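Descriptive structure summary
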Amino acid sequence: MKAAAKHFPGFQYSASELLKYITVAKDFTIMLSSGEFIKFTPIDDSLFEDWLIANNVQNIRKEEGWITE
């Protein structure tokens, strides 16, 4: 299996700095390993989410107790 890229084009953080994310429309709110929250709106939201998933960044909506849709 091919390793996922550690950086996403146009995004200043590496995958290893990311813990969890949630998305609303095309806007992502991301929790960093430092505990800080950041917002990011990628040009291609599907590609960015695929990158997060490939790097095992947890989708908060998938946690128990969240409504997924």
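Overview of the structure. (Residues numbered from 1 in each chain as written. Predicted model: local features only at pLDDT ≥ 70, side-chain atom pairs only at ≥ 80, totals over all residues. Heavy atoms only, no water.)

Describing the overall build of the protein
As a reminder, the rule being used: Only DSSP runs of H or I reaching four residues or more are called helices, and only runs of E reaching two or more are called strands; each is numbered from the N terminus. With a 1.4 Å probe rolled over the protein chains alone, any residue whose accessible area is under 20% of its type maximum counts as buried; one over 50% counts as exposed, and the rest are partly exposed. Contacts are assigned to residue pairs that have any heavy atoms within 4.5 Å of one another. Using a 1.4 Å probe, accessible areas were evaluated by the Shrake-Rupley method; residue-level cover was limited to the displayed protein chains.
Helices and strands together make up the secondary structure of the protein, namely one helix and four strands. Taken over 69 residues, the protein has a buried fraction of 33%. For the protein, the proportion of contacts with a sequence separation of at least 24, taken over those separated by at least 6, is 44%. About 5,000 Å² of surface is accessible on the protein, with carbon and sulfur atoms providing 55% of the total.

Focus: the pattern of salt bridges
Rules: Put simply, a salt bridge is a Lys or Arg side-chain nitrogen that is within 4 Å of an Asp or Glu carboxyl oxygen.
Taken as a whole and judged by the stated rule, the model has one salt bridge. Of the charged contacts in the structure, one is a salt bridge between aspartate 45 and lysine 26, with a shortest N-O distance of 3.9 Å. With aspartate 45 in helix 1 (residues 45–54) and lysine 26 in the loop between strand 1 (18–24) and strand 2 (27–32), this pair connects stretches of sequence that are 19 residues apart.

Quick word on the environment of phenylalanine 28
By secondary structure assignment, the location of phenylalanine 28 is in strand 2. Among the residues examined, phenylalanine 28 registers a relative accessible area of 1% and is labelled buried. Phenylalanine 28 sits twelve residues away from phenylalanine 40 along the chain, and the two C-alpha atoms are 5.2 Å apart.

Focus: the environment of histidine 7
Mapped onto the elements of the fold, histidine 7 is located in the segment before strand 1. In sequence terms histidine 7 and asparagine 55 are 48 residues apart; their C-alpha atoms lie 9.8 Å from each other. Excluding residues within four positions of it along the chain, histidine 7 makes contact with Tyr13, Ser14 and Trp51.

Side note on the side chain of asparagine 59
What counts, and what does not: Two N or O atoms form a polar contact when they lie within 3.5 Å of each other; inside protein one atom must be a possible hydrogen donor and the other a possible acceptor, and for residues adjacent in sequence the pair counts only when both atoms belong to side chains.
Structurally, the position occupied by asparagine 59 is in strand 4 (residues 58–59). From its side chain, asparagine 59 meets the backbone nitrogen of arginine 61 in a polar contact 3.0 Å long. Sequence-distant contacts of asparagine 59, defined by excluding residues within four places in its chain, comprise Tyr21 and Glu49.

Here we look at the side chain of threonine 23
Locating threonine 23 in the fold gives a position in strand 1. Taking relative accessible area as the criterion, threonine 23 reaches 17% and is therefore assigned buried. Setting aside anything within four residues of it in sequence, one finds threonine 23 in contact with Phe28, Glu49 and Arg61.

A few points about helix 1
Test applied: It is the directions from the helix axis to the C-beta atoms whose arc is reported.
Along helix 1, the residues that are buried comprise Asp45, Phe48, Trp51 and Leu52. All buried residues of helix 1 fall inside an arc of 120° around its axis, so they share one side. At the N-terminal end of helix 1, a side-chain oxygen is found 3.2 Å from the backbone nitrogen of serine 46, two or three residues along, and the residue is aspartate 44. Asparagine 56 lies just past helix 1 and shows a positive phi near 60°.

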